[in-house]
Structure formats: C-alpha cells, structure tokens
Amino acid sequence: MSDTTETTPRITPIVVGGTGPATDDELLEGLNPEQREAVVYRGSALLIVAGAGSGKTRVLTHRIASLIKGGEAWPSQILAITFTNKAAAEMRERVGQLLGQVAEGMWISTFHSACVRILRREAENFGFTKSFTIYDSQDSRALVKRIIKDLQADTFGFTVAQVTGKISKLKNELTDVESYARQANFSDPNDAMFVEIFRAYSRALRDANAFDFDDLISQTVYLFRAFPQVAEKYQRRFRHILVDEYQDTNHAQYALIRELTKPPESNELAGIPAFGGGGASLTVVGDSDQSIYAFRGADIRNIVEFERDFPGARVVLLEQNYRSTQNILSAANSVISNNFDRKDKKLWTAVGDGEKIVGFTGYSGHDEAQFVADEIAKLREGGMAYNQIAVFYRTNSQTRALEEIFIRSALPYRVLGGTKFYERAEIKDAMAYLTSVANPFDGLALRRILNTPKRGIGPATETQLASFAERENVSYREAMRRAPELGLGPKVTGAILQLAALLDEATELVTPDRPGGEAPVSEVLALLMEQSGYVKSLRATRDPQDEARAENVEELLAVTKEFNRNNPDGTLLDFLTEVSLVAAVDDLDDSSGTVSLMTLHTAKGLEYEAVFLTGVEEDLLPHRMSASEPGGPAEERRLFYVGITRAKKRLFLSLAMTRAQFGETAVAMPSRYLQEIPAELIDWIQSPGMATSRGGSEPRALNANRGRGSYGGGSRWGNDSGLGIPPGPPRPKTEWANRVTGQVRDNGDLELQPGDRIRHTDFGEGRVNQVTGEGAKRVAHVQFEAAGPKKLLIKIAPIEKI
DNA sequence: GATCCTTACCAGGCC
DNA sequence: GGTAAGGATC
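So, how was this worked out
- Residues numbered from 1 in each chain as written.
- Chains lettered and ligands numbered in written order.
- Predicted model: local features only at pLDDT ≥ 70, side-chain atom pairs only at ≥ 80, totals over all residues.
- Heavy atoms only, no water.
- Helix = DSSP H or I, 4+ residues; strand = E, 2+ residues; numbered from the N terminus.
- Buried < 20%, exposed > 50% of the residue type's maximum accessible area, 1.4 Å probe, protein only.
- Areas by Shrake-Rupley, 256 points an atom, 1.4 Å probe, with all protein chains shown as cover.
- Pairing = 2+ DSSP bridges.
- Axes fitted to C-alpha atoms, helices over the stretch in contact; angles between N-to-C directions.
- Near = heavy atom within 4 Å.
- Polar contact = N/O pair within 3.5 Å; in protein donor to acceptor, adjacent residues only side chain to side chain.
- Nonpolar A, V, L, I, M, F, W, Y, C, P; charged D, E, K, R; others polar.
- Domains from an automatic or database assignment.
- Buried area = accessible area lost by both parts, 1.4 Å probe.
- Salt bridge = Lys/Arg side-chain N within 4 Å of Asp/Glu carboxyl O.
- Expected span 1.5 Å × (residues − 1).
- Phe/Tyr/Trp six-rings, centres within 6.5 Å; stacked < 30°, edge-to-face > 60°.
- Lys NZ or Arg CZ within 6 Å of the ring centre and 35° of its normal.
- Contact = heavy atoms within 4.5 Å.
- Core = buried A, V, L, I, M, F, W, Y, C linked by side-chain atoms within 4.5 Å.
- UniProt positions renumbered as here; feature names shortened; annotations may be inferred.

Caption draft 1: Fine view of the overall build of chain A. Across its full length, chain A holds 32 helices and 22 strands. Residue burial in chain A is summarised as follows: out of 802 residues, 54% are buried. A total of about 35,500 Å² of accessible surface is found on chain A, and carbon and sulfur atoms cover 51% of it.

See the structure below:
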C-alpha cells in the first residue's frame, strides 16, 4: 500500500438513518472475485478493464465507499470523473446510500464541470474574471464565421466547419496558437492564414472573457503548468482520483489527470521520493471496445498504454456480464471480434440464451418506424414498461419518421438530445441577455441581443459601437452608456441607452453585496424579458411559429424557477454554467414512463429491457463519412457494439430499403455488420431478401428489382442464403401502400364509437373496438382487416369514418 | 434598416 | 424538409 494512509486522517464511520451504512464485508457482498479485487486494491494506479454490463459502476461506487469507510480518505479528497452529469448524480447518490450518509465535499463530476469549477476559482490568476462565459460549439462557429469574413479568409477556401474542427483538434492536443505558429509553414499562404484566424479567435475569446468547450480542459492544464502553487493546491486536496470511460479521454484530459496525480512540487523539493510519495492514487475504468469518440479527439492509446504510463499499475479484467442474455452477448462478441488489434475479450453471462434477436426490413423509414411502434405495443401488452424500452439510431435526422409514427400511434416517447431546447434561437437570445448581464465583456452575446427585438440598431451602428469600445478601451456596456458621443441619430442613441440601462438594472440585481444577496435568476430573466419587450414582440408578429417561440421563452422562465427551487443559493453564474454543460442524456427522466429515443452515442452507459436498433444500413451504420477516416469503420463497429450491449432481454434490429433524405428518397443497403451476427441468432420477421422479392406496393425502382437475391450482392440476402428464412406466405403487412402523409392533420372532434368502421390512408378499412383517453388525446383501438390491430390518436390519424 | 422572397446548401456523432 | 444567405423593394 502506498503511504497515503500516513498523510490522511482516519475517520470513524458515522451511522445515520434507516438501514445504516454498509459494513466492510457488506461492501464486498455479491461481488465476484475480480470485482472485489477492483474494490480493495490499494496502490498508486489501477486499471479496470470493464466489458459492457460488467458492473463497473457498482465497482466504482463500492471502491469510493470503501476508501471513505476504511478511513483512508475524507470525502473531500476524492475526485471522480464521469462522462455525464447524470452519471455523476447517480454515483453520488449510490455512494451516499452505501455510506448511509451524504458524503459532503466529494467532487463527482464531468471533466468539464470539474474544470469550470477550478477555473472560476482561479480565473483571476491569468487574466480572466470568475464570471467568464462558456462558448458552446454554436458560439464558436459564430465567432469563427465573423473572423473568416473579417479576414476574407473564405477566398482561401476556409470554411467554418474546417476551421472550428481544426482548432478543436489542436486544443485537444494542447497546441495553442503560439506553439502552432512556431511550427507552421508560413510560406504556405493557407497555413499562414490559418494561424491568423486561430490567433484572432484566441484573442476574441480572451477579450470576451470566454472559454470554448475545449478551453475548459486545456486552459486548466495551462493554468496548472504556469502556476505550480495553484496546481499544488489541487494535488494536495485530491488523494484519490477515479476516471470512468477512460477510453474516451483525449490528450488534454489525459494531461490534466497527469497534472493532478503528480506529487506536490514542494514534496519533491523536500526530497520526498516521487513514486508513492504523495501523488494521488489513480483508478481508471474503461473498455476499448466502447471507444466511440475518436472524432472529438478521444485517444484510445490512453487506455491501451496505461500500464506503460503508470508503471506498477494493476490491471483487473471484468468479463462477466450481468445485463444481457447470451444471445445478445454472442451477437455482440461476434460483431466486435471483427475489429483487429484489440485485446480479445469475451463477455459471458450466467442467465441463459434468452429470446432471439428480431430482424425487420421495412420498405421505407416510415415502414420501419411502424414496425417499431407495433412491436413496442406488443411488448407493452406483455407487461413491459415504456421506460424500459429505447429506440436507437445513428443520426438525429432519423427521428422524424419515428416521431411521426409514434405520435399517430399515441405512443408516449421522449427524444433525448437532438435539436435541443437550449439550441433554439429564442432560447439562445434569452440566454444571451443573461450572459450579457453576467459578463459585460462578452461581445458575442451582446451582439446577439443588440437588435433583438428590433430596436433599429443595425450592423452599421454595431460596428461603430464596437470600434468606439476598442478605441476608448472600455467595455461594450460603457460604450453603450456613452452612446451620445457617437453622433448617431436620436432614435438609435435612445435605443442604445435604454438597453444599457436595462442591463445595468439587471446587473444591480446580481451584485453579490446587494442587500439581501443576489436576486434569483428567474427574477433577473423576468425583468430582462419584460423590459426588453422581447416576448411581447414575438407575440405581436403574424408568424404562427413565433407564438411557439414565446412559449419556449416562458418555458425557460419556468426552468429558472425550477433551478432556484433546487438550488436556493444558485447564482446567475451557476445557472449559466449548468445550462452550458448539460448533455443529451442529462434530460433523461427515468420516471417519465415514456419510450426513449436517442442516438447510439447518447446510449452509451445506459441499459434497457428492450432495445430497437434502427437504420442498420450502409452509409448510415457505418456512416458514409466514416469511410474516409482512419479507423472510421472500426469505430462505427464499436458503435454498433455499444448499441447491442445496451439490451438486457430483447433486441430488435431494423433497417429500411429506402430512406428519405433532403426531401428525396434514396435507396439503402443492409449494413455489412448484419452479416457479422451468426444467422441462427436472428429471427427475421422480414429479411432484406424478402423485402426485395415481395415489395408489391413500393416505388417502381424497387419492384423492378424483383426476384430473390437480386439486390445486396447475389444471394446473400435471398431465402437460400442460409439465414433460415422460411418461404412462407406473403405477410399482409407488405400489401398496403406504405406512404405516410407527412402533413399534420386535424380531425377536430371526430366522434368514434366502438363498432364504427373507419378508413385509414395506410392501413385500409377497419373496425373500432374501443376508444380511450380524453380530449386531444383520445385513442381509437382499431382492428384493421389487412394490417391487424392498431392504436391511433384520433385527432391526427389519417382516418375517416365510413 | 426592415421585410419579404428566392436560392443554395445542406444533416455525423457531443461535452 | 429546413435554414441561412443574399437580393429586391419599401
């Protein structure tokens, strides 16, 4: 054991409440030998190679609990890094349960949250203020766009996406402008121009008192390197560092961990040996088969070379899976085994084979979505709760077809991530007001609200204001207050002064030494929205969408109130930080009683009784873009693997033969990964071969392709392919036209009674068995002659009474 | 400077 | 199918 115990206090466990805390033995109870080893091992470095579903969260929480309970560490000496805020909250809760009390002072958070916390405390050391803004990728893009325009870099062929991508990559590798410029090739005008853009971007961020996402990590590393006494503060504080999802860390994050686990410098000066001499203990958990973030700089070498980086590290392998059935695991194993240069690892379970994987090929994305909806209805009838069912897809654009069908089928669902609430223009506007109040240096935020709502402050005025601020070396706010000096028209000047006064008034509310403390965020936002007339202006337009936008702003107001309820001491800065760092999964509500829809990336770390993996097609999974990337197809395979291993009991793989994109219909091909699953594991309700040979009602292009095995390369998917598909009679499912009318219908108060006959544009004629629900949510249970039983939302289903 | 309209380009995953 | 950019017009 390292000598950390000498420097850390022994604490007596405090027993509080109900069932009481777990004893040492209880902490190990129910764990397998490897898991136990991972909990009790004490040394400077530990790598837990944890296959999917092998209970790593359990191991991590028990390990933390045992450190605290054994008196080896105070809660405040623990830093645990998770991938999402939700995972952090869960871990905190579970550790609390194990200890029988809330462990105060533990840092359990994401890399980004932890770094923001450090940066807010230390910002003043290096030219920022604690109220810095965090720029999300949209903000970064907006900034780069302006810079490219200003420098006329578009003539060099620079695009916003290219530049932001390259800057992000450089930052993740801890390359700042100066170090990049040092090795740049200035005889290449392109490279020289890029340096200029990069420099302008970095300066703009600094001037705006802002960090972009990548800065949060890299600037913390720079801070530690530039100010050893600051680094030492955190090196002394955190004695045990644990990092989850280590396979997805990038170089900057790796460097951060290295900085934090270094022995404090003053120890070295005092001649205390480095190894085991005061560096924090490091535990990392990961699975290289689940590395799916190379695109944002994750470096798989961090985990592969862990033992070399941290000599003497112990490695523990967790291979027993406690989540899925053997059929699901066998499929996963055989898929991932197609990736070379990986350490062979086979998941196994003791729970038995379980049901077969179900496969389905639809004629279109809508057909596929209908299959998903129908199967979910069956699962539900079989007693499965909606919130135990998830639908995964590779790209966010796939949600449209699913949503259309789900709404029609009256299926309660929730889309995680996607076009997020906080990415909406009106929400960004409202947030920009708050940002402008918190950080008066933030030009990007101010620019956003300067003429929103319309105040007659156009681009020309904006430029004048900006150059005045620069010339006089004052903040934008000050420049606005001195607007009369600009010699503009009385109307514009008045508008600027009014906005400045409003922002000043709001700033008053959040001044820390204000009598009664900072006003709640909701009060600040209400003032801003009220006085600026923003919401009023939205309600005044003829555009019907603006009404929805106004409601969204009201919703944001509700969010701030909720925030104030949950965080009575929460400041405006806390709110802005929280909003900046929410991840897609963070709005997952386990108690919502709805089906969850999300991308495969978002699905990592989650598990469901039943999983629908949709769009298993070439160009989608693997995604078209991945073909040209080194390691792309292998990463896509890992993504598929991650999706499969989320399923506990039931797994459905589906694809479509045609898919709408850009408003056009394109032909789709089955994914190469489907063949990597042994045929006997899949029960095809409708295989790709069957879909081609019997597509009686679909676009002519496909009907022309009639005949078994006529598509997808020979007989690969034909009935004679050895997939074991019985020839059987054509299913009725294939007999109706599969067109789905995209338009929103409104049947008004269409009254339906059991016994009524109706006609549906897709399903044909049927008889109403039952009507449930109230008002707009009335649902008709219909027995269709051809399509079987369906549930339909009466208000919007494409039906008529006959 | 605002508004309306047409056109061009477009969506890969995310803290 | 959706949006951002650019042009025409008031």
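That shown, we press on.
Caption draft 2: How the structure looks around the sheet that holds strand β21 (residues 788-793). Across the sheet, five strands lie side by side as β21-β20-β19-β18-β22; this open sheet has antiparallel pairing. Unpaired on one side and paired on the other, β21 and β22 (799-801) mark the two borders of the sheet. Ignoring which end each strand starts from, the neighbouring axes of this sheet average 40° apart.

Caption draft 3: Representation of the protein's contact with DNA strand B in the model. The immediate surroundings of DNA strand B are formed by 28 residues, with Phe 295, Asn 396, Ser 397, Ala 583 and Glu 629 found nearest. A distance of 3.0 Å separates a sugar or linking oxygen of DNA strand B from a polar side-chain atom of Arg 394. Taking Glu 629, its side chain carries an N or O atom lying 2.2 Å from a base oxygen of DNA strand B. Put simply, the parts of the chain that give the surface near DNA strand B at least two residues each are α22 (459-472) and α29 (600-603). Per-class residue counts for the surface near DNA strand B are eight nonpolar, 13 polar and seven charged.

Caption draft 4: Examining the domain arrangement of chain A more closely. Each assigned domain of chain A is listed here: domain 1 (27-125 + 218-266 + 277-318), domain 2 (133-208), domain 3 (332-418 + 589-691), domain 4 (422-577) and domain 5 (756-801). For the pair domain 3 and domain 5, the two sides together bury roughly 690 Å², of which 53% comes from carbon and sulfur. By the criterion of area lost to domain 5, the three top residues of domain 3 are Ile 407, Arg 408 and Ala 410, representing 63% of everything that side buries. In this structure, the connection of domain 3 to domain 5 is made through one salt bridge. Between Lys 790 and Asp 374 there is a salt bridge, with its nearest N and O atoms 2.5 Å apart. Our count for the domain 3 to domain 5 interface comes out at one residue pair in polar contact (both at pLDDT 80 or more). Broken down by secondary-structure element, the contributors of at least two residues to the side of domain 3 that touches domain 5 are α18 (365-381) and α19 (399-408).

Caption draft 5: Fine view of helix α7 (residues 137-150). In this model, α7 (14 residues) spans 20 Å end to end at C-alpha, consistent with the 20 Å of a helix rising 1.5 Å per residue. Residues of α7 that are buried include every one of Asp 139, Ser 140, Leu 143, Val 144, Ile 147 and Ile 148, and no others. For α7, the side-chain oxygen to backbone nitrogen distance between the N-cap and Gln 138 is 3.0 Å, and the N-cap itself is Asp 136. Looking at the residues trailing α7, positive phi occurs at Gln 152, about 50°.

Caption draft 6: Region of the structure containing the pattern of salt bridges. Scanning the model with the defined rule gives 54 salt bridges in all. Measuring nitrogen to oxygen at the nearest pair gives 2.8 Å for the salt bridge that ties Lys 171 to Asp 212. You can see Lys 171 sitting in helix α8 (residues 160-172) and its partner Asp 212 sitting in strand β5 (residues 210-212), a full 41 residues away along the chain. The two residues Lys 171 and Asp 212 agree in class, both being buried. Residue Arg 637 pairs with Glu 676 through a salt bridge whose shortest N-O separation is 2.7 Å. Of the two residues, Arg 637 is situated in helix α30 (residues 632-644) and Glu 676 in the loop between β16 (664-667) and β17 (682-686); the sequence distance between them amounts to 39 residues. This pair shows no difference in class: Arg 637 is buried, exactly as Glu 676 is. Here the salt bridges do not stand alone but share partners, grouping Lys 56, Asp 244, Glu 245, Asp 248 and Lys 604 into one network.

Caption draft 7: Fine view of the protein's contact with DNA strand C. Neighbouring DNA strand C are Lys 145, Arg 400, Phe 662 and Gly 663. Close to the protein, within 4 Å, the atoms of DNA strand C belong to sugar or phosphate groups at a rate of 57%. Phe 662 has a polar backbone atom sitting 3.2 Å from a base oxygen of DNA strand C. Each residue belonging to the surface near DNA strand C can be placed in one class, and the counts come to one nonpolar, one polar and two charged.

Caption draft 8: Looking closely at the packing of aromatic side chains. Applying the stated criterion across every chain yields a total of 23 aromatic pairs. Their ring planes at 45° and their centres at 5.8 Å tell us that Phe 194 and Phe 198 sit as a pair that is tilted. Of the two residues, Phe 194 and Phe 198 are both situated in helix α10 (residues 189-207); the distance of four residues between them amounts to about one turn of the helix. Ring-pair connections join several aromatic residues into one group, and the members of that group are Trp 107, Phe 224, Tyr 234 and Phe 238. Here Arg 120 stacks its cationic end above the ring of Phe 132, 4.2 Å away from the centre of that ring. Of note, Lys 604 hangs over the ring of Phe 83, and the distance from its end group to the ring centre comes to 4.0 Å.

Caption draft 9: Quick peek at the environment of Asn 125. Examined against the element boundaries, Asn 125 turns out to sit in the loop between α6 (111-122) and β4 (133-135). Residue class for Asn 125 comes out partly exposed when judged on its relative accessible area of 36%. Not counting chain neighbours up to four residues away, the residues in contact with Asn 125 comprise Leu 223, Phe 227 and Val 230.

Caption draft 10: Expanded view of the nonpolar core. Within the largest apolar cluster, 50 residues are counted, with the highest numbers of intra-cluster contacts made by Leu 434, Met 480, Leu 528 and Met 529. Element by element, the count of residues in this core is highest for helix α24 (residues 490-509), at nine residues. Not counting residues within four places of it along the chain, the set of residues in contact with Leu 434 comprises Val 521, Val 524, Leu 525, Leu 528, Leu 572, Phe 575 and Leu 576.

Caption draft 11: Here's a closer look at the UniProt feature "binding site: ATP" (unreviewed entry) in chain A. Under the local residue numbering, the UniProt record ascribes the feature "binding site: ATP" (unreviewed entry) to Ala 50, Gly 51, Ala 52, Gly 53, Ser 54, Gly 55, Lys 56 and Thr 57. Summarising the element assignment, Ala 52 is placed in the loop between β1 (45-50) and α4 (56-69). Turning to its location among the elements, Lys 56 is positioned in helix α4. For Lys 56, a relative accessible area of 19% translates into the label buried.

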